[in-house]
Amino acid sequence: MDTPLRRAATITRRRAAIPSRAGIGLRTPHIREILATRPNIGWVEVHSENFFCDGGQPLAYLDRIRQDYAVSLHGVGLSLGSLGPLDTEHLTCLKRLVERVEPGLISEHLSWSAVGGRHLNELLPLPYTEEALAVVCRNVHQTQEALGQPILVENISSYLRFTHSPIPEPEFIAEVTARTGCGLLLDVNNVFVSATNHGFDARAYLAAIPAAAVEEVHLAGHDRAGDLLIDTHGARVASPVWRLYQETVARLGPVPTLIEWDNDLPPLAVLVDEMRHADHLLEACHAVAA
Amino acid sequence: MPSLLELQTDFAAALFGRPRGNLWPSVVDDRVSAPERFAVYQGSVVGNYCKALRAVYPVVERLVGERFFAHAAKAYACQVPSLHGDLNRYGAGFAAFLASFPGAAELAYLPDTARLEWAIESVFHASDAPPHNVEGLANADWAQLRFRLPRSCHLLASPWPVHRLWQLNQPGVEWDEAFDIDSGGVYLLVRRSGFEVELEPLEEGAYLLLTALAAGTALGEACERALADRPDFDVGAALQRHLLAGTFLLR
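First, a word on what this report is: a plain description of the structure on this page. Everything numeric here is computed off the predicted structure, so don't read it as measured data.

**Overview of the interface of chain B and chain A**
Phase 1 of the analysis: Tallying the contact residues gives 48 residues for chain B and 49 residues for chain A.
Phase 2 of the analysis: Applying the counting criterion to the chain B and chain A interface returns 29 residue pairs in polar contact (both at pLDDT 80 or more).
Phase 3 of the analysis: At the level of secondary structure, the elements contributing two or more residues to the side of chain B that touches chain A comprise α1 (4–15), α2 (34–56) and α4 (66–79) of chain B.
Phase 4 of the analysis: Per-element accounting of the side of chain B that touches chain A gives the leading share, nine residues, to α2 of chain B.
Phase 5 of the analysis: Taken together, the residues of the side of chain B that touches chain A sort by class into 26 nonpolar, 12 polar and 10 charged.

Written as structure tokens, this is what we have:
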């Protein structure tokens, strides 16, 4: 059982690549501006699938970004929660991209998005059962074997829960990290959105997650639609989420933090402003740690 | 209680409008009802597909209008399963779908316009073409040489003037009142030059030659075929031009 030791070693290596600062999710409309102005951004994260292509401008731009910024690869399409072996073509594309980019971190979601060969291309919630736990762990193992390194799994926002879901989500996550040696990408906005939608206590959830496994934090904006909060990635980070984030880093210590924005993408300056706010909170926590 | 596979199968079927009777007992129904909760996913899944199609087919959307495009994209999303976790690949079948989509039957040029937009998208992301590899072939038996087209080059023929139609529907381009959709077809080479995608109209002979070469026909036979159909075709000039431009590469 060399898993904990192996993980400690890899965490040290990867932490050196992605600094415990705030970064931004890199989206196509901002790439030219970043290449031209080289703003002071801690690091960037891209959606892996958008660079599965064989060549052309997007990959060339990513290569240039990589020269100046640490890059993290964030996947949305692997479907860790689906039965059967993972899509090997998808995994091969991811491996090829990992070899090209040498990312500081690689992450995927704790969700499912395909069944019986049909992809639904959305982050769908799992029932938290022993069966689902075994499926996710097998798929995380397969991914880590294929890539030759550990990945992070991210907690998703959800809008429904299943009646038969006996394992609490934080416990399910803790089991996945313990059984596979993967890390946790803790999305604080997702915790807030799901807590609101399902009526659970976000602080109790954050207290129950495996703190030592957290290697990255995500922050994003959400919107309200009727009685539910929707994880739109289309607004600034909400005040209650900033408060939860502040409490989280006070407990976990400095951790790489990403500002995500996908819909109604604003000028880069807005993302940089959000990033600076996260950096400010991280610095306060660095100061305490020192 | 259902197995994970049963639950996911029911969930997926319900997303695309099939009966949800099996699903409801599995979904928590509380402050917000199970159908309302499920509707969020139904909206986002179809919405993701529509967004992916809009990104690739802006000219088709301009031609049919936003509302009709959304209607067609939704129908495509319900009828054509996505086979990849990479959403960027989802639109590959949209042209074929439009060809048999009842609402678009009168717009016979629409499928070829979609084909052109998909070709542009594919070429934009294709592997970078290697430099042409025909040097030192001076003494080779040219008639027997076989070539291939790099992925950064794509051939397209249409009985409609889709090249001009595409040009006229680019942002900032003023509509040409003299444009006639019945003014005849076009042979096109869609190719990437650096990072830019270029559309190069071809004469019929060159299109026939390149299509034959792309299919693996030996050079001698490909030239004969093109000349049989177009005796006036300047095969020497076309060969020289496309060899130097790297349109085809030695197999």
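The rest of the description comes next.
**Let's talk about the pattern of salt bridges**
Side chains bearing opposite charge may pair, as long as their charged atoms lie close to each other.
Phase 1 of the analysis: Taken as a whole, this structure holds 23 salt bridges over all chains when the rule is applied.
Phase 2 of the analysis: Across the salt bridge formed by E89 of chain A and R89 of chain B, the nearest N and O atoms sit 2.8 Å from each other. Taken together, the residues E89 of chain A in helix α4 (residues 88–101) and R89 of chain B in the loop between α4 and α5 (94–99) connect one chain to another.

**Quick word on the packing of aromatic side chains**
Phase 1 of the analysis: Counted according to the given criterion, the structure contains 24 aromatic pairs over all chains.
Phase 2 of the analysis: Ring centres of Y159 of chain A and Y41 of chain B lie 5.3 Å apart, and the angle between their planes is 50 degrees; on these two criteria the pair is classed as tilted. Of this pair, Y159 of chain A sits in the loop between β7 (152–154) and α6 (169–180) while Y41 of chain B sits in helix α2, which puts the two residues in different chains.
Phase 3 of the analysis: A relative accessible area of 9% places Y159 of chain A in the buried class.
Phase 4 of the analysis: Its relative accessible area of 1% is what places Y41 of chain B among the buried residues.
Phase 5 of the analysis: Ring plane angle 70 degrees and centroid distance 5.3 Å describe the contact between Y76 of chain B and F97 of chain B, whose orientation is recorded as edge-to-face. Pair noted here: Y76 of chain B is in helix α4 and F97 of chain B is in helix α5, with a separation of 21 residues, a long-range link.
Phase 6 of the analysis: One aromatic cluster is present, built from ring pairs that chain together Y49, Y57, F68, F69, Y76, Y90, F94, F97, F101 and W118 of chain B.
Phase 7 of the analysis: The ring of F16 of chain B has R118 of chain A lying over it, and the distance from NZ or CZ to the ring centre is 3.9 Å.

**A word on helix α9 (residues 219–229) of chain B**
All names here are of chain B.
Phase 1 of the analysis: Of all the positions in α9, only L219, G220, A222, C223 and A226 are classed as buried. Angularly, the buried residues of α9 cover 165 degrees about the axis, an arc narrow enough to put them on a single face. Away from the buried face of α9 by more than 90 degrees, exposed residues E224, A228 and D229 are located.
Phase 2 of the analysis: Looking at the packing, one finds that the buried side of α9 touches β1 (147–148), α8 (204–214) and α10 (235–244).

Parameters and conventions
- Residues numbered from 1 in each chain as written.
- Chains lettered and ligands numbered in written order.
- Predicted model: local features only at pLDDT ≥ 70, side-chain atom pairs only at ≥ 80, totals over all residues.
- Heavy atoms only, no water.
- Contact = heavy atoms within 4.5 Å.
- Polar contact = N/O pair within 3.5 Å; in protein donor to acceptor, adjacent residues only side chain to side chain.
- Helix = DSSP H or I, 4+ residues; strand = E, 2+ residues; numbered from the N terminus.
- Nonpolar A, V, L, I, M, F, W, Y, C, P; charged D, E, K, R; others polar.
- Salt bridge = Lys/Arg side-chain N within 4 Å of Asp/Glu carboxyl O.
- Phe/Tyr/Trp six-rings, centres within 6.5 Å; stacked < 30°, edge-to-face > 60°.
- Buried < 20%, exposed > 50% of the residue type's maximum accessible area, 1.4 Å probe, protein only.
- Lys NZ or Arg CZ within 6 Å of the ring centre and 35° of its normal.
- Arc of directions from axis to C-beta.

The values are spatial; any link to function lies outside them.
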